[in-house]
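Each chain, letter by letter, is given below.
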Amino acid sequence: MKKSWILFFVIVILILGIVLGNIFFKGKSKKDEPVVFNLGINYSTLDPHLFTEMISVQVDSSIYEGLLRLDKNGNYTGGVAESFIEDKKNNKMIFKIRKNAKWSDGSKITANDFVFAFKRVLNPETAARFSEMLFPVKNAEKYYNGKASVNDLGIKAINDSTLEIKFEHPVAYFKYILTLPITAPLKEDFYKSHKKTFAVNLDSFLFNGPYKIIKLSDGEILLVKNEYYWNAKNIKIPKIKYIVSSDFHAVDNLIENGEIDISRVENYNLEKYKKEKTLNSFLIGKLWYLDYNLNNKFLKNKKLRQAISMAIDRDLNIKKIKNNDGSIPAKSVISNQISGNSEKYRKEYPDKDYINDKNPEMAKKLYNEALRELGVKELELDLLAGNSDPETLEIQHIQEELRVKLGLKTKITVVSLKERLNMTRSEKYDIVLNTWSPKYDDATTYFDRWKTKDDKNVSVWQKQKYDLLVDEIYKMPKSAERDKKINEAEKILINDAIIAPIYFAIENTYTNPKIHGLIRREITGITDFTYAYIK
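Calculation notes
- Residues numbered from 1 in each chain as written.
- Predicted model: local features only at pLDDT ≥ 70, side-chain atom pairs only at ≥ 80, totals over all residues.
- Heavy atoms only, no water.
- Helix = DSSP H or I, 4+ residues; strand = E, 2+ residues; numbered from the N terminus.
- Buried < 20%, exposed > 50% of the residue type's maximum accessible area, 1.4 Å probe, protein only.
- Contact = heavy atoms within 4.5 Å.
- Salt bridge = Lys/Arg side-chain N within 4 Å of Asp/Glu carboxyl O.
- Pairing = 2+ DSSP bridges.
- Axes fitted to C-alpha atoms, helices over the stretch in contact; angles between N-to-C directions.
- Phe/Tyr/Trp six-rings, centres within 6.5 Å; stacked < 30°, edge-to-face > 60°.
- Lys NZ or Arg CZ within 6 Å of the ring centre and 35° of its normal.
- Expected span 1.5 Å × (residues − 1).
- Arc of directions from axis to C-beta.

A few words now on the environment of P185. Note that P185 resides in the loop between α5 (174-177) and α6 (188-193). Residue P185 is classed as buried on the basis of its relative accessible area of 2%. C-alpha of P185 to C-alpha of A497: the two residues are 312 residues apart in sequence and 40 Å apart in space. Once residues lying within four places of it in the same chain are set aside, the contact partners of P185 are E65, G66, W103, I109, D113, F114, A117 and N208.

Throughout the structure, instances matching the rule amount to 39 salt bridges. With its nearest N and O atoms 2.7 Å apart, the salt bridge here joins K192 to E188. Taken together, the residues K192 and E188, both in helix α6 and 4 residues apart, mark about one turn of the helix. Of the charged contacts in the structure, one is a salt bridge between D315 and K358, with a shortest N-O distance of 2.8 Å. Here D315, found in helix α10 (residues 314-320), pairs with K358, found in the loop between α11 (345-348) and α12 (360-374); they are 43 residues apart in sequence, far enough to count as distant. By relative accessible area, which is 41% here, D315 ends up partly exposed. With a relative accessible area of 45%, K358 lands in the partly exposed category.

Looking now at the pairing of strand β17 (residues 499-511). By the criterion of burial, β17 is predominantly enclosed, with 13 of the 13 residues buried. Sheet topology places strand β11 (residues 262-264) next to β17; 3 bridges connect them, and they run antiparallel. Bridging from a neighbouring strand, S263 pairs with Y510 of β17. Looking at chain direction, strand β13 (residues 328-329) and β17 are connected through 2 bridges and run antiparallel. Following the sheet pairing, I328 is matched in β17 by F504.

Within the open sheet, the 4 strands sit side by side as β4-β5-β7-β6. Their pairing is antiparallel. The strands lining the two open edges of the sheet, one partner per strand, are β4 (81-87) and β6 (155-159). Strand-to-strand twist across the sheet, computed as the mean angle between neighbouring axes with direction ignored, equals 20°. Two elements, strand β5 (residues 92-97) and strand β7 (residues 162-166), share 5 bridges in a ladder whose sense is antiparallel.

For the rest of this paragraph, the subject is the environment of N457. Considering the arrangement of structural elements, one finds N457 in the loop between α15 (444-447) and α16 (463-474). For N457, a relative accessible area of 17% gives the class buried. Taking the C-alpha atoms as reference, N457 lies 8.3 Å from K300; in sequence the two are 157 residues apart.

Applying the stated rule across the entire model yields 19 aromatic pairs. Judged by centre distance (5.6 Å) and plane angle (65°), the ring pair of Y289 and W450 falls under edge-to-face. A residue pair is termed long-range when its members are at least 10 positions apart, and Y289 in strand β12 (residues 279-292) and W450 in the loop between α15 and α16 qualify at 161 residues. By the burial criterion, Y289 is buried, and W450 matches it. An aromatic cluster is defined as three or more aromatic residues linked by ring pairs; in this entry it consists of F37, Y242 and F529. Positioned above the aromatic ring of W230, the side-chain terminus of R98 is 3.5 Å from the ring centre. When the ring centre of F130 is taken as origin, the NZ or CZ atom of R129, which lies over that ring, is 4.7 Å away.

Let's shift gears to α16. Over its 12 residues, α16 runs 16 Å from end to end, which matches the ideal 16 Å to within 8%, given 1.5 Å per residue. Those residues of α16 that fall on the buried side of the exposure criterion are K463, Y466, D467, L469, V470, I473 and Y474. The arc enclosing the buried residues of α16, seen along the axis, measures out at 165°, which places them on a common side. Where α16 is buried, its residues touch α15 and α17 (480-495).

A positive phi angle is found at A199, which is not glycine, with a value near 60°. Positionally, A199 belongs in the loop between α6 and β8 (211-217). In this structure, A497 takes a positive phi of about 50° despite not being glycine. With respect to the helices, strands and loops of the structure, A497 is situated in the loop between α17 and β17.

Okay, structure coming up:
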């Protein structure tokens, strides 16, 4: 009898242990589990000054912070700077650094950290892809081109907590630049002691944003809240895990299994997500377009480029390939999201008549004229695209449009994003299905893509006129006259058929309904976790 009671109590204790253990670990698991964010494709770098695409900016915006940031409503507010003064008369800004702004090692962030960072970005040896974003700073472009010394740059630390930036001319968009990783500070002594592996090895990072990386591997980044971040007490999401899955059929399955909390999704299950109210759809101004290699002896012909552009029915592409997912047919370069002198630029300059893609007879006529001018009876060109499912379907549809409407033979090559970028930069393509995302709220964020300093292809299009126009636009404050010149520059790209715009992409994003307060930035598409919480 005594043995039975002992056995009974042992069993009860075991059961209670299992139950309580499950409750404890389940609670612990929920608390400790990170929000899983699928980037879709891998980042190119986590060095804030060297980013080349917006995937890197998404991660960088979590771990770094510049002088300014955007609030819930998209207004400029203090980041590392607690306040700033705009002196428009003297073309300068003065910033006060927060007293509690610290690096993840606990050391204080100083004005000199920004001075050193700007110097690094503008040093041509750094090879920062978007160094021109800082060219409005006084003598910045001259220093970059070796025509001024580093000491001539219009940025200086008045003291540890006061920073002054002087400009060459009025700048309509520079506050937005100050919210991007390109202007993140950099601690000089830390960088110099980790220069070879900076932002590559885990021990070679120094963070100043809301989060810090604690685990870094191929295809996975684990972030935890940065306890030294000046606003750490208001960061409610303790952990974020960035993963990379570009197979969007697989992504849907991972969402179904509760393994992904946030991810861009394709149109396989959009209706399901809409019914569940877990789908967020927004336009971010990302342009998909055909980019011509103007060094190709055939594509130097303007009529050939125009015929190709006109042969692609953009509405049909949205309906047939994008399944009416909310993407917008593009007949221009600048999206509806970009501000102008008054509200949106596109309202003042609608683009519906820029490209006539409903006249295949005219497209065929131009194509035949191009063949005669080129002295050939037929052509075959290569089409390059990324290897994701959507890109493959799109380039196949474009191939068919060109075959049916023009009789143009094409050969398709699909490669990874990294390889596509490499092939495009080294001009190993004829026509590439490309994309360009705006980096800040101004038309010049698009113009940067086609503005160059060399004299290549000057006989192919009005490049010199375009470059001079864009230079002039850079230096103008917001005005009706500035918008007029923006439209003139945009029309050069369209009328000379330098590209064939196809559509402005919709971002369809699944979000776990337990996550509230996420902010999606309209221009960059960046997800901001600053105001997010789980409920």
